[in-house]
Structures are given as structure tokens and as C-alpha cells.
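These are the residues of each chain, in order.
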Amino acid sequence: MSILKKLKGNLFLIIVILAYIVMFIARPEMGVASVKNSAYYIKEMLMIMPVIFILTALLDLWLPKEKVIRFLGKEAGVKGIVFSFVLGSVSAGPVYAAFPMCVMLHKKGASIRNIVIILSSWAVIKIPMLINEAKFLGPKFMAIRWVLTVIAIIIFSWITSKMVKDSDLPEDTPVQAGLSLNRDACMGCGLCTKQYPELFEMEGKKASIKQGTLPDVAKLMQAIDTCPVKAISKNL
């Protein structure tokens, strides 16, 4: 059963490995190119994600929940839409760097619609991208594409907010009295296991809480504050 559980927990990785094997057999040159590209992106992630974790943790400490609800919540209206576009457009780094920050913002009260706008803006209308687009394709092309993209994002964000509810996003699951761990939000950074190895361990590349361990409140709070996506919560 444990082997099946591990295989199920790493199903995506197994599929990727099998795909590489098939590629190497059918088209060796394509397999080599794919491995090189994968190595490049893995290296990029290893360089970028620790910085993103730190920035997300700092934002979580500095950004009051009331401010997030006011500017990005469901009642923020047009102000929230504009602020979401600005936030996504001025951000730097690849779009996967936005996911930890969006998890944190949603937990602090940001609406589904504004989260979609932030992610979409981050991906396709960042200011550095627009500058290069105008340089290579011309200002007119850039401006028209930007306007149409903004309209599309507004429409898709509204549709998403009607189809996806807050309850559909991963919720914290109680795993021990007084503790909750959102394994879906967990990024597998391992910071909590370094801060408090007596309570936290890595299981299937994500953190889990050891059962039967009486938490030390001081060390637990340190681990909670360290978590970049705030996947750990307490009620002690």
C-alpha cells in the first residue's frame, strides 16, 4: 500500500519521466534538447523561488488584512480591478513566481476575480514585456494588443469568479489538535522542517505534521512565520 501511495503521490513526475524515455527512444535529438530546456528552467526556479518565498513572507508581515480586503476584496469594485492590473503589470519574474503571493493574498481576503487579473497581467501585460513588444513589433501593435488583452482578462476574470468559489480553493485540513496544514498550498520548500524538525517532516515532497507530537508554541510560531505561503495555522 505504501508503494502505491508513493506512486500516486508522484504520478505527474512518473508520467514526465516516461514521456522523456519515449522521446529518447523515438527522437533522441529531441530528448536531449528537452532535457537541456528542463535543466534550464529548473535552474531558473531554484534561483528565483527562494527570493519569492522571502518576499511573500515579508509582504505577509507588512500587509494588513484590512488593506487587502479594501483594495483587492470582493467589495473593492473598479478600484480592485485597477489595482490588480497595476500589481500584476509592475511585477517581475516568471508567472509561477506569482502563485505563492496569490495564495497569501487570497488568504487575506483578495477575491477570485482579482487573483485572476493579477495572474493574467503578470503573464501577458507586464511593463517590461510591453516595452520590448513596442520595440520589436511597434507601439501601435502593442497598444491594440494591450487593450484587447485587458478586455479579455476582465471578461475571463468575471467568468472565473462565477464558476470558481472561495470554497473551491484548497482549504486548511486539521491534522492534529490545534494545528492545520494546507498541503495543497505547500510549496515543498522545507523551511518548516528546518525550523521545527521535531514536529514537521517532508512526505511526498510536501510538508506534513508528525502525529502525537505536543507542539512547542514558540518554535511553532517561528515555523508558521517562516512559511512563505502561510500553509500552517494554529488554534492553541
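Keep in mind that this is a model prediction, so the values were computed, not measured.

A. Seen up close, the pattern of salt bridges. Counted according to the given criterion, the structure contains four salt bridges. Here Arg145 ties to Glu133 by a salt bridge, and the two come within 2.5 Å at their closest N and O atoms. Taken together, the residues span a long stretch of sequence, with Arg145 in helix 9 (residues 139-163) and Glu133 in helix 8 (residues 127-137) at a distance of twelve residues. Since its relative accessible area comes to 21%, Arg145 is described here as partly exposed. Residue Lys219 pairs with Glu198 through a salt bridge whose shortest N-O separation is 3.0 Å. With Lys219 in helix 11 (residues 217-226) and Glu198 in the loop between helix 10 (191-195) and strand 3 (200-203), this pair connects stretches of sequence that are 21 residues apart. On the accessibility criterion, Lys219 (29% relative accessible area) is partly exposed.

B. Here's a closer look at the nonpolar core. Ranked by size, the top nonpolar core spans 17 residues in total, and within it Leu199, Phe200, Leu220 and Ile232 carry the most contacts. Of all the elements in the fold, those that place two or more residues in this core are strand 2 (179-181), strand 4 (206-209) and helix 11. With three residues, the single largest contributor to this core is helix 11. Beyond its immediate stretch of four places on either side in the chain, Ile232 contacts Ser180, Leu181, Cys192, Phe200, Ala223, Ile224 and Cys227.

C. The packing of helix 6 (residues 98-107) against helix 7 (residues 112-124), seen in detail. Put simply, helix 6 and helix 7 touch, their axes get as near as 10 Å, and they point 160° apart. On the basis of their axis angle, the class for helix 6 and helix 7 is roughly antiparallel. In the packing of helix 6 onto helix 7, the handedness of the crossing is right-handed. Contacts from Ala98, Phe99, Met101, Cys102, Leu105 and His106 of helix 6 reach helix 7 at Ile112, Ile115, Ile118, Leu119 and Trp122. Of the residues contributing to the contact of helix 6 with helix 7, the split by class is ten nonpolar, one polar and no charged.

D. Local environment of the pairing of strand 4. For strand 3 and strand 4, the ladder comprises four bridges, and the chain directions are antiparallel. Bridged to Phe200 within strand 4 is Ile209.

E. Looking closely at the layout of surface pockets. Counted as a void, the largest pocket has a volume near 760 Å³. If you trace the largest pocket, you find 20 residues lining it, with Phe12, Leu13, Met45, Met187 and Lys205 closest to the centre. Of all the secondary structure elements, the ones that give two or more residues to the lining of the largest pocket are helix 2 (11-26) and helix 3 (28-62). Ranked by residue count, the leading element in the lining of the largest pocket is helix 3, at seven residues. Across the lining of the largest pocket, the residue classes break down as 13 nonpolar, five polar and two charged.

F. A look at the confidence of the model for the protein. Residues at a pLDDT of 70 or more form 86% of the protein, whose mean pLDDT is 83. Model confidence for the protein, summarised as mean pLDDT per element, is weakest for strand 1 (residues 173-176) at 50 and strongest for helix 9 at 96.

G. A look at a nonpolar patch on the surface. A contiguous nonpolar patch, built from Ile144, Trp146, Val147, Leu148, Ile151, Ile155, Phe156, Trp158, Ile159 and Met163 and spanning about 1,000 Å² of accessible area, is present on the exposed surface. Along the chain, the position of Phe156 falls in helix 9. With a relative accessible area of 53%, Phe156 lands in the exposed category.

H. Structural context of the side chain of Lys126. You can see Lys126 is positioned in the loop between helix 7 and helix 8. Overall, the relative accessible area of 13% leaves Lys126 in the buried class. Apart from residues no more than four positions distant in its own chain, Lys126 is found in contact with Gly88, Ser89, Ser91, Gly93, Pro94 and Ser121.

I. Looking closely at helix 9. Compared with the 36 Å implied by 1.5 Å per residue over 25 residues, the 36 Å span of helix 9 between its first and last C-alpha is a close match. Among the residues of helix 9, Met142, Thr149, Val150, Ile153, Ser157 and Ser161 are the ones counted as buried.

J. Seen up close, helix 6. Across the ten residues of helix 6, seven count as buried, placing the element largely inside the fold. Every buried residue of helix 6 is accounted for by Ala98, Pro100, Met101, Cys102, Met104, Leu105 and His106. Following helix 6 by one or two positions, Gly109 has its phi on the positive side, about 120°.

Procedures and definitions
Numbering of residues starts from 1 in each chain and follows the order in which that chain's sequence is written. It should be noted that, the model being predicted, local features are given only for residues of pLDDT at least 70 and side-chain atom pairs only at 80 or more, the latter also being counted only at that level, while totals for whole chains, interfaces and linings use all residues. The side-chain quantities take in all heavy atoms of the structure and omit both hydrogens and water. Here a salt bridge means any side-chain nitrogen of Lys or Arg lying within 4 Å of a carboxyl oxygen belonging to Asp or Glu. Note on conventions: DSSP H or I runs of at least 4 residues are helices, E runs of at least 2 residues are strands, and numbering of each starts at the N terminus. Residue exposure (1.4 Å probe, protein chains only): buried if accessible area is under 20% of the type maximum, exposed if over 50%, otherwise partly exposed. Put simply, buried Ala, Val, Leu, Ile, Met, Phe, Trp, Tyr and Cys residues joined by side-chain atoms within 4.5 Å make one nonpolar core. What makes two residues a contact is simply this: any of their non-hydrogen atoms within 4.5 Å. For helices, the fitted line uses only the C-alpha atoms of the stretch in contact; every axis is such a line through C-alpha atoms, and the angle between N-to-C directions lies from 0 to 180 degrees. These descriptions rest on fixed angle ranges, namely under 35 degrees for roughly parallel, over 145 for roughly antiparallel, 65 to 115 for roughly perpendicular, and the rest for oblique. Two helices that cross are described as forming a left-handed crossing if the nearer one is turned anticlockwise from the farther one by less than a right angle, and a right-handed crossing if clockwise. Asp, Glu, Lys and Arg are counted as charged, while Ala, Val, Leu, Ile, Met, Phe, Trp, Tyr, Cys and Pro are counted as nonpolar; the rest, among them Gly, fall into the polar class. By definition, two strands form a pair when at least two bridges between them are found by DSSP. Computed over the protein atoms alone on a 1 Å grid, cavities are sets of points where a 1.4 Å probe fits but cannot get out and pockets are open sets with protein on both sides within 12 Å along at least five of seven lines; a residue lines them when it has an atom within 4 Å of a point. Grid points are joined across faces, edges and corners, and a volume is the space filled by probe spheres set on the points. On a range of 0 to 100, pLDDT expresses the predictor's confidence in each residue. Excluding any residue in a salt bridge, patches collect residues exceeding 30% relative accessible area, merging like charges within 9 Å and nonpolar Val, Leu, Ile, Met, Phe, Trp and Tyr side chains within 5 Å. Accessible surface area values rest on a Shrake-Rupley calculation with a 1.4 Å probe, where residue burial reflects the displayed protein chains alone. What a helix is expected to span follows from its residue count: subtract one and scale by 1.5 Å.

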